[in-house]
Amino acid sequence: TADSPELQSHRSNDPVTCGSTLTGKIYTLSSDLDCSNATAPITIRDRAVLDLNNRLYVGLIILDGRRAQLRNGTIECILAGTNGGPLDDERCVRVEGEGRHTVQNVFIKYESMDGFGIGIWVLSDNNFLANNTFFRTPDTGVFVIGNKNILRQNRAIISNLGAGFYIGAEGNQLIDNYATSHHAGYLVDGENNLLIQNVDAGVPDDISATDEGFGIAGSGNRL
């Protein structure tokens, strides 16, 4: 179905390039984009939408300001210490700023599990993460230190050091998420978080040093 005239008016014809700051419009990746040697990450902010268009992006992405969106594609993460430049960051997608951002239908992967790396680092509040997959994150799939975020139907598969989902803040909701092959499926240090119908599938053998499916240390949390 063709876009409505209103939606087309919000689409940008500018190409998405390494180091771009995207604001206010809908941007679509027209081909795979390798920004592993870029000097700055792509930043999406203030109601901008980056549609990866089922393409591959290599590098770091930041959602800043408020109501930015990242969706529909694959991100290959750069391990900290391997690039030797500004993109040496252990957090592949950073969700910060005022918040109310959306990350949806994104496959986030690391090619190696050596070192330290996080799929999505959530620093701000009231964000929505849905239908994303975090694959082979060296440390943690999703690391949340913001409040009142909603994580729905995400999948965290295999980490070397940490958890599928780590929640270190308050009032977050985790609904219908799935974790497997981690030291811990879900770690909750914050307070008053709600976990509904989440799955920890453990590991396929008894070799892994898996410690716990659900490790709850904060107060007022409900499973």
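Residues numbered from 1 in each chain as written. Predicted model: local features only at pLDDT ≥ 70, side-chain atom pairs only at ≥ 80, totals over all residues. Heavy atoms only, no water.

Engineer: In this structure, what is going on with the sheet that holds strand β20 (residues 184–188)? I would like to understand it.
Structural biologist: Strands belonging to one sheet form pairs held by backbone hydrogen bonds; the direction of such a pair is parallel or antiparallel. Taken together, nine strands build an open sheet; the order of strands is β1-β4-β7-β9-β11-β14-β17-β20-β23 and the sheet is parallel. Two strands close off the open sheet at either side, each with one partner strand: β1 (21–23) and β23 (212–216). Averaged over all pairs of adjacent strands, the angle between their axes in this sheet comes to 10 degrees, without regard to strand direction. Note: strand β7 (residues 61–64) against strand β9 (residues 91–95), three bridges, orientation parallel. For Ile 61, the partnering residue across the bridge sits in β9 and is Val 93. (Pairing = 2+ DSSP bridges. Helix = DSSP H or I, 4+ residues; strand = E, 2+ residues; numbered from the N terminus. Axes fitted to C-alpha atoms, helices over the stretch in contact; angles between N-to-C directions.)

Engineer: Sorry if this is basic, but what is going on with the side chain of Asn 172 here?
Structural biologist: Structurally, the position occupied by Asn 172 is in the loop between β17 (163–167) and β18 (173–175). What makes Asn 172 buried here is its relative accessible area of 0%. Sequence-distant contacts of Asn 172, defined by excluding residues within four places in its chain, comprise Val 144, Gly 146, Asn 147, Lys 148, Asn 149, Ile 167, Asn 192, Asn 193 and Leu 194. (Buried < 20%, exposed > 50% of the residue type's maximum accessible area, 1.4 Å probe, protein only. Contact = heavy atoms within 4.5 Å.)

Engineer: I tried to follow the state of the cysteines on my own but got confused; where do I start?
Structural biologist: Counted by the stated rule, this structure contains two disulfides. Each sulfur in the disulfide pair Cys 18 and Cys 35 lies 2.0 Å from the other. An S-S torsion of about -90 degrees defines the bridge between Cys 18 and Cys 35 as left-handed. Of the two residues, Cys 18 sits in the loop between α1 (5–9) and β1 while Cys 35 sits in the loop between β3 (33–34) and β4 (42–45), which places them 17 residues apart along the sequence. Overall, the relative accessible area of 32% leaves Cys 18 in the partly exposed class. The class of Cys 35 is buried, set by a relative accessible area of 1%. With its sulfur 2.2 Å from that of its partner, Cys 77 forms a disulfide with Cys 92. Handedness of the Cys 77-Cys 92 disulfide follows from its S-S torsion of about -90 degrees: it is left-handed. (Disulfide = S-S within 2.5 Å.)

Engineer: Before we go on, may I ask you to explain a nonpolar patch on the surface in this structure?
Structural biologist: On the surface, a cluster of nonpolar side chains totalling about 270 Å² of accessible area is made up of Phe 214, Ile 216 and Leu 223. With relative accessibility at 32%, the residue Phe 214 sits in the partly exposed group. (Patch = residues over 30% accessible without salt bridge, like charges linked within 9 Å, V, L, I, M, F, W, Y side chains within 5 Å. Areas by Shrake-Rupley, 256 points an atom, 1.4 Å probe, with all protein chains shown as cover. Salt bridge = Lys/Arg side-chain N within 4 Å of Asp/Glu carboxyl O.)

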